[in-house]
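Geometric and topological summary
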Amino acid sequence: MRRACGWRPRAPSAPAPSTELETALLAAVSDTGALFLTEATGVEVTLVDVSDVYRVATDGTSAAGTADTGLSGLSSAGALVLRTLDGAIVLAAATAGQVTATGNVLLAAGGTTSDLDVRSTVTSNGGNISASAGHDVLLGATVYASVAGKTIDVVAGAALVQSQGTRVSTASGNVSLAAVGDATLEAVLVGGTGTGIRVSAASIIDGDAAGDSEADLLAASVQLIATGAVGAAGAQLETSANTLAIDADGDVFVNNTAAVVFGNTTLNVARVDAEGGTALTTNALLTGLSGDDIVVRALTGNFTVNTGAPVAATGNLLLQATAGSSNMTLNAAATAAGAISLPPPTTCC
Ligand SMILES: [Ca+2]
Ligand SMILES: [Ca+2]
């Protein structure tokens, strides 16, 4: 028998001690304050319908109780924290597992084998969002921080996989995606100016079909850190950024849809804690462009390497501004252990 837990607390306090659960199915709504839930093992956030409760009458008979329309998803008028001590979190598909809050959101699947499986949207309409798992983070639905300056922070103990057709997006706050394993990306979109995306993973993979042209990462600045590769030959990662910084041990295949400047970027996000508060991450400055074989192209506009942001390839190096009349300006060293090509634009001026 599966256990189910669905309720609507009348007057939760904030900050409040976390409600400790041991259930399989979960739905909860807090209309007036924060929601803090700690689950011992795995849990699925979904539609919970308890209409099969029977009511015993004074004559000793029993009959089905009042029909229950059920409760689905998690909704909070303040912060929303759902943690498992050792187990997966599944947000059921469609809207059944939808998570919405007006404050900060933390979804954290504890345990080294536990996935966070997001199949319904996660939205904060006023706070920051942190999502983490001891094992994989599977983003099968959109994660959205709607208020300016609010950030999104995703940490996977193994792989991070973003499904096609989904987004990780903010109004203008930074996004950080970190995975010990590979990160397969579809669309990470940061609005506004002066904000950026940081991806740190083994390899950073474009989830689109090889040869596509969709911008996968859109922000003022994009920072990519990989112990493996970034993109692949014929399956470039597409960025749309003003400033890039890339540090990879493997190959780098990136097309930037606009003019590009390689420079120095530091990018942090507000990490949500178990009490619903936040602390800013302390990421280091990232400089220039490094990798094994490197092929980076600006598809429109100029290609500029800033002073103090050197380019270094342990294999071959190709840098190109492909559009006619665009310029290549190197204000720092560009070195390679292999061959170097700095070809002219592919269309003439
Ligand atoms: Ca894409
Ligand atoms: Ca691509």
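Residues numbered from 1 in each chain as written. Chains lettered and ligands numbered in written order. Predicted model: local features only at pLDDT ≥ 70, side-chain atom pairs only at ≥ 80, totals over all residues.

Re the nonpolar core
Residues Leu107, Leu160, Ile204 and Val230 are the most contacted members of the largest nonpolar core, which totals 100 residues. Here this core takes five residues from strand 12 (residues 105-109), the largest share from any one element. Two domains each provide a minimum of three residues to this core, namely domain 1 (17-52 + 64-152) and domain 2 (175-267 + 288-349). Contact partners of Ile204, with chain neighbours within four places excluded, come to Ala183, Leu185, Val199, Leu224, Ala226, Val230 and Leu237. (Core = buried A, V, L, I, M, F, W, Y, C linked by C-beta atoms within 7 Å. Buried ≥ 20, exposed ≤ 12 C-beta atoms within 10 Å, placed from the backbone. Helix = DSSP H or I, 4+ residues; strand = E, 2+ residues; numbered from the N terminus. Domains from an automatic or database assignment. Contact = placed C-beta atoms within 7 Å.)

Some words on unusual backbone geometry
Unusually for a residue other than glycine, Ala94 sits at a positive phi of about 60 degrees. Structurally, Ala94 is set in the loop between strand 10 (89-91) and strand 11 (99-101). Positive phi values are uncommon outside glycine, yet Ser325 reaches one of about 70 degrees. On the basis of neighbour count, Ser325 is assigned to the exposed category, with 11 C-beta atoms found within 10 Å.

Comments concerning the domain arrangement of the protein
Domain parsing of the protein yields domain 1 (17-52 + 64-152) and domain 2 (175-267 + 288-349). Between domain 1 and domain 2, the C-alpha centre-to-centre distance is 35 Å.

Re the confidence of the model for the protein
For the protein, the average pLDDT comes to 92, and 93% of its residues sit at 70 or higher. This model gives residues 10-14 a pLDDT under 50, and the stretch forms 11 contacts once residues within four places in sequence are excluded. (pLDDT = per-residue confidence, 0-100.)

Some words on the pairing of strand 40 (residues 317-321)
Two faces make up the sheet, and in a regular strand the side chains alternate between them. Within strand 40, four of the five residues are buried, which leaves the element mostly enclosed by the surrounding structure. Strand direction decides the pairing type here: strand 37 (residues 294-298) and strand 40, joined by five bridges, are parallel. Across the sheet, residue Ala298 finds its bridge partner in strand 40, namely Ala321. Where strand 40 lies against strand 43 (residues 340-341), two bridges are found, and the strand directions are parallel. Along strand 43, the bridge assignment pairs Leu318 with Ser341. (Pairing = 2+ DSSP bridges.)

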